[in-house]
Amino acid sequence: MTRRSLFFIIVWVIILVLPVMMPIYYTPFYYVAATILFLIGLYNIRHGNTDETFYRKWTKQRGKGFWLYVAGKGLWSTFTIAVVVSLGQLFGNDYTPLEIATALSTGELIGVLLLMMLFGFASAIASWFENNKRYDRVINKRMENK
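Here the structure is a predicted model, which is why all the values come from computation and not from measurement. (Residues numbered from 1 in each chain as written. Predicted model: local features only at pLDDT ≥ 70, side-chain atom pairs only at ≥ 80, totals over all residues. Heavy atoms only, no water.)

## Here we look at the nonpolar core
F54, Y55, W58, Y69, V70, A124, W128, Y135 and V138 form the largest nonpolar core, which has 9 residues in total. Looking at this core, the elements with two or more residues in it are α3 (51-64), α4 (66-93) and α6 (106-145). If one sorts the elements of this core by residue count, α6 sits on top with 4 residues. Listed in part, the 7 residues of the second largest apolar core include I15, I24, A34 and F91. (Core = buried A, V, L, I, M, F, W, Y, C linked by side-chain atoms within 4.5 Å. Buried < 20%, exposed > 50% of the residue type's maximum accessible area, 1.4 Å probe, protein only. Helix = DSSP H or I, 4+ residues; strand = E, 2+ residues; numbered from the N terminus.)

## Details of a nonpolar patch on the surface
A contiguous nonpolar patch, built from I9, V13, L16, V17, V20, M21, M22 and Y31 and spanning about 710 Å² of accessible area, is present on the exposed surface. Within the secondary structure, I9 is located in helix α1 (residues 3-21). (Patch = residues over 30% accessible without salt bridge, like charges linked within 9 Å, V, L, I, M, F, W, Y side chains within 5 Å. Areas by Shrake-Rupley, 256 points an atom, 1.4 Å probe, with all protein chains shown as cover. Salt bridge = Lys/Arg side-chain N within 4 Å of Asp/Glu carboxyl O.)

## So, the domain arrangement of the chain
A common way to express how large an interface is: the accessible area buried when the components associate. For the chain, the assigned domains read domain 1 (1-48) and domain 2 (50-145). Using only C-alpha atoms to locate each centre, domain 1 and domain 2 end up separated by 20 Å. The partner domain 2 presents 7 residues to the 8 residues of domain 1 that form the contact. For the pair domain 1 and domain 2, the two sides together bury roughly 610 Å², of which 65% comes from carbon and sulfur. When the area that domain 1 buries against domain 2 is broken down by residue, the three leading residues are Y25, Y26 and G48, summing to 68%. Viewed at the interface, domain 2 and domain 1 are joined by 2 residue pairs in polar contact (both at pLDDT 80 or more). In terms of residue class, the side of domain 1 that touches domain 2 is built from 7 nonpolar, 1 polar and no charged. (Domains from an automatic or database assignment. Contact = heavy atoms within 4.5 Å. Buried area = accessible area lost by both parts, 1.4 Å probe. Polar contact = N/O pair within 3.5 Å; in protein donor to acceptor, adjacent residues only side chain to side chain. Nonpolar A, V, L, I, M, F, W, Y, C, P; charged D, E, K, R; others polar.)

Quick look at the structure:
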């Protein structure tokens, strides 16, 4: 069993046990979201990013440059963080995103958005360097196999 599969199983068990440990609002929607995440996770484990597909995609992406990658990935990561936080607040505390936005002052809302962007863009920068490390490993493996 790979580390990835083990991590997936542990996270899935936590997602299933969470409603038993604490109250969850909108339980049917929670389980629909959990099922969708489960199916996406299974697909990624089964048809995940093999070295060859990674090499092809990263060669193309890398050619576009660091800043374009960081901008796109940073915005995507920020969006993902916002969705996860919103869903967590919805299922855990019964707060809709609109209720959260109206409860915060403009300064607080901007602060929260900037904090999410900070983490999103930091993860994009880290992703660039991690992908380059993996790219180098794939190239070295290809050279060894020749």
